[in-house]
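Okay, here's what each chain looks like letter by letter:
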Amino acid sequence: MSIHRSTTERRATRILLILVALAFLAFFLLLPLIAVFGEALKQGIGGFANAVTDPDAQSAIRLTLMVAAISVPLNMVFGVAASWAISKYDFKGKSLLVTLIDLPFSVSPVVSGLIFVLLFGAQGYLGPWLADHGIRVIFAVPGILLATIFITFPFVARELIPLMQEQGRADEEAALSLGASGWQTFWRVTLPNIRWGLLYGVLLCNARAMGEFGAVSVVSGHIRGETNTMPLHVEILYNEYNFVGAFAVASLLALLALVTLVAKSVLEWRFDLHSGAKH
């Protein structure tokens, strides 16, 4: 009876906890979203349309989507490979690899951007050689890609490593003992087991890639129409007191995040239906 009482709350306590959680979400999530969309539509649909169809805004949107489209698949491949190696094999330097994967979490994004400036800038270690060969990294798209990849590469790996460690090696070893090749084992055993963790990691990675500001700000040079991503464009418009334009572009970032969440929910629903049909 003592165990039952210690794990059972009164109805009033449950209601209070739910209300506290809802109030927290409303204050820190719902109200800011309402404020962003309200400011974006302050001058009506026409003002919103003018802000998001501005050539500089269009360039920022295209660059943001392109950077995410390149960095997320690369980090997905790295995350799966690193998680597979760490969870399925024992090797020297394993703990060091795990520590290095966590490095972007512990280093300020601004410091991360400065690292790339130190390496590839005009006065950096590789800058003179790059300049001699006509290669631009800093204040150009390659620098933005490198900074974004560095900032976002832990997300997929950090989602998969504990999941794959918890699942262990028994399924893969059984498949291999039955004659399956390494690729067959991965596609038919490992990947189905990690698909939800992989999806969550990719969604987190994508959201961070589109919203990254600090590291990208350092390496981009803030060149209008060339190296401004959506977060950087929002900052410039806000500093110019163009609040409608700033919040219009910010609302697009919020919409991209909401679309990502909806896509995740739809995929979960379809996979659940598919799994239920099999059983």
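Thresholds, definitions, all that
Residues numbered from 1 in each chain as written. Predicted model: local features only at pLDDT ≥ 70, side-chain atom pairs only at ≥ 80, totals over all residues. Heavy atoms only, no water. UniProt positions renumbered as here; feature names shortened; annotations may be inferred. 1 Å grid on protein atoms, 1.4 Å probe; cavity = no way out; pocket = protein on both sides within 12 Å on 5 of 7 lines; lining within 4 Å. Points joined across faces, edges and corners; volume = space filled by probe spheres on them. Helix = DSSP H or I, 4+ residues; strand = E, 2+ residues; numbered from the N terminus. Nonpolar A, V, L, I, M, F, W, Y, C, P; charged D, E, K, R; others polar. Contact = heavy atoms within 4.5 Å. Buried < 20%, exposed > 50% of the residue type's maximum accessible area, 1.4 Å probe, protein only. Salt bridge = Lys/Arg side-chain N within 4 Å of Asp/Glu carboxyl O. Polar contact = N/O pair within 3.5 Å; in protein donor to acceptor, adjacent residues only side chain to side chain. Expected span 1.5 Å × (residues − 1). pLDDT = per-residue confidence, 0-100. Axes fitted to C-alpha atoms, helices over the stretch in contact; angles between N-to-C directions. Parallel < 35°, antiparallel > 145°, perpendicular 65-115°, else oblique. Left-handed = near helix turned anticlockwise from the far one by under 90°.

You'll find the chain entered in an unreviewed UniProt entry as Sulfate transport system permease protein CysW, with Sphingobium jiangsuense given as the organism. Note on the chain: under the UniProt heading Function (unreviewed entry), the record states "Part of the ABC transporter complex CysAWTP (TC 3.A.1.6.1) involved in sulfate/thiosulfate import. Probably responsible for the translocation of the substrate across the membrane."

Colleague: I'm lost on the layout of surface pockets in this one. Help?
Modeller: The gaps of empty space that remain are located by a probe, the size of a water molecule, rolled over the atoms. The space that makes up the largest pocket amounts to roughly 380 Å³. Together, 15 residues line the largest pocket, and Leu-29, Ala-254, Ala-257, Leu-258 and Leu-261 are the ones closest to its centre. Elements with a minimum of two residues in the lining of the largest pocket: helix H2 (11-40), helix H12 (182-211) and helix H15 (243-278). Ranked by the residues each element gives to the lining of the largest pocket, the list is headed by H15, at eight residues. Residues of the lining of the largest pocket, tallied by class, amount to 13 nonpolar, one polar and one charged.

Colleague: Just checking my understanding: could you explain the side chain of Thr-185 for this structure?
Modeller: When you line up the elements, Thr-185 lands in helix H12. If we ignore the near neighbours within four places in the chain, the residues touching Thr-185 are Glu-172, Ala-175, Leu-176, Ala-180 and Thr-190.

Colleague: Sorry if this is basic, but what is going on with the environment of Leu-163 here?
Modeller: When you line up the elements, Leu-163 lands in helix H10 (residues 154-167). Under the relative-accessibility criterion, Leu-163 is labelled partly exposed at 24%. Residues Leu-163 and Ile-194 lie 31 residues apart in sequence; the distance between their C-alpha atoms is 7.3 Å.

Colleague: Help me out: how do you make sense of empty space enclosed by the protein in this one?
Modeller: Taken as a whole and assessed by the stated rule, the structure comprises one cavity of 30 Å³ or more. The computed volume of the largest cavity comes to approximately 40 Å³. In this structure, the largest cavity is lined by Thr-64, Val-67, Ile-144, Thr-148, Ala-209, Met-210, Glu-212, Val-216, Thr-229 and Pro-231. The set of elements that each furnish at least two residues to the lining of the largest cavity consists of helix H4 (55-88), helix H9 (141-152) and H12. Of the residues belonging to the lining of the largest cavity, the class tally is six nonpolar, three polar and one charged.

Colleague: How do you make sense of the UniProt feature "transmembrane region" (unreviewed entry) in the chain when you look at a structure like this?
Modeller: The UniProt record annotates "transmembrane region" (unreviewed entry) at residues 62-84, 96-122, 134-157 and 243-263. Note that residues 96-122 is 81% helix and 0% strand, and that its end C-alpha atoms are spaced 32 Å apart. Regarding residues 243-263, the helix share stands at 100% and the strand share at 0%, and the terminal C-alpha atoms are separated by 30 Å.

Colleague: Which parts of the structure should I look at to understand the pattern of salt bridges?
Modeller: Opposite charge on two side chains lets them pair, provided their charged atoms get close. Tallied over the full model, the rule gives eight salt bridges. Across the pair Lys-88 and Glu-172 runs a salt bridge, and its minimum N-O distance is 3.3 Å. Remark: Glu-172 occurs in helix H11 (residues 170-177) and Lys-88 occurs in helix H4; sequence separation between them is 84 residues. The exposure class of Glu-172 is buried, given its relative accessible area of 7%. Via salt bridges that share partners, Asp-56, Arg-224 and Glu-240 belong to a single interconnected network.

Colleague: How should the environment of Asp-54 be read in this particular structure?
Modeller: As for its position among the elements, Asp-54 is in the loop between helix H3 (44-52) and H4. A residue is classified by how much of its surface remains accessible, and Asp-54, at 32% relative accessible area, is partly exposed. For the pair Asp-54 and Leu-160, spaced 106 residues apart in sequence, the C-alpha separation works out to 40 Å. In terms of polar contacts, Asp-54 uses its side chain to reach the backbone amide nitrogen of Asp-56, at 3.0 Å.

Colleague: For this particular structure, what's the right way to read unusual backbone geometry?
Modeller: Negative phi is the rule for most residues except glycine; trans is the rule for most peptide bonds. Of note, the phi angle at His-222 is positive, near 55°, even though the residue is not glycine. Within the secondary structure layout, His-222 lies in the loop between helix H13 (214-220) and helix H14 (230-239).

Colleague: Hey, could you run me through the side chain of Thr-152 in this one?
Modeller: Positionally, Thr-152 belongs in helix H9. A distance of 2.6 Å separates the side chain of Thr-152 from the side chain of Asn-75, its partner in a polar contact. Leave out the neighbours within four places in its chain, and Thr-152 touches Asn-75, Cys-205, Arg-208 and Ala-209.

Colleague: Can you help me understand H4 in this one?
Modeller: The α-helix advances 3.6 residues per turn, and as a result positions three or four apart in sequence lie on the same side. Between its terminal C-alpha atoms H4 stretches 49 Å, which fits the 50 Å expected from 34 residues at 1.5 Å a residue. Two to three positions downstream of the cap, the backbone nitrogen of Asp-56 sits 3.0 Å from a side-chain oxygen, assigning the N-cap of H4 to Asp-54.

Colleague: Sorry if this is basic, but what is going on with the confidence of the model for the chain here?
Modeller: When the pLDDT values of the chain are averaged, the result is 86; 92% of them are 70 or greater. Across the chain, H9 holds the top mean pLDDT of 95, while helix H1 (residues 2-6) sits lowest at 49.

Colleague: Got a minute to help me understand the packing of H10 against H12 in this structure?
Modeller: Each packed pair of helices is defined by two parameters, the angle between the axes and the distance between the axes. Between H10 and H12, the least distance of the axes is 7 Å, while the angle of their chain directions is 160°. Of the possible angle classes, the one that applies to H10 and H12 is roughly antiparallel. In this structure, H10 crosses over H12, and the sense of that crossing is right-handed. Each of Phe-155, Val-156, Glu-159, Leu-160, Leu-163, Met-164 and Gln-167 in H10 lies in contact with H12, whose residues at this interface are Thr-190, Asn-193, Ile-194, Gly-197, Leu-198, Tyr-200, Gly-201, Val-202, Leu-204, Cys-205 and Arg-208. Across the contact of H10 with H12, the residue classes tally to 11 nonpolar, five polar and two charged.

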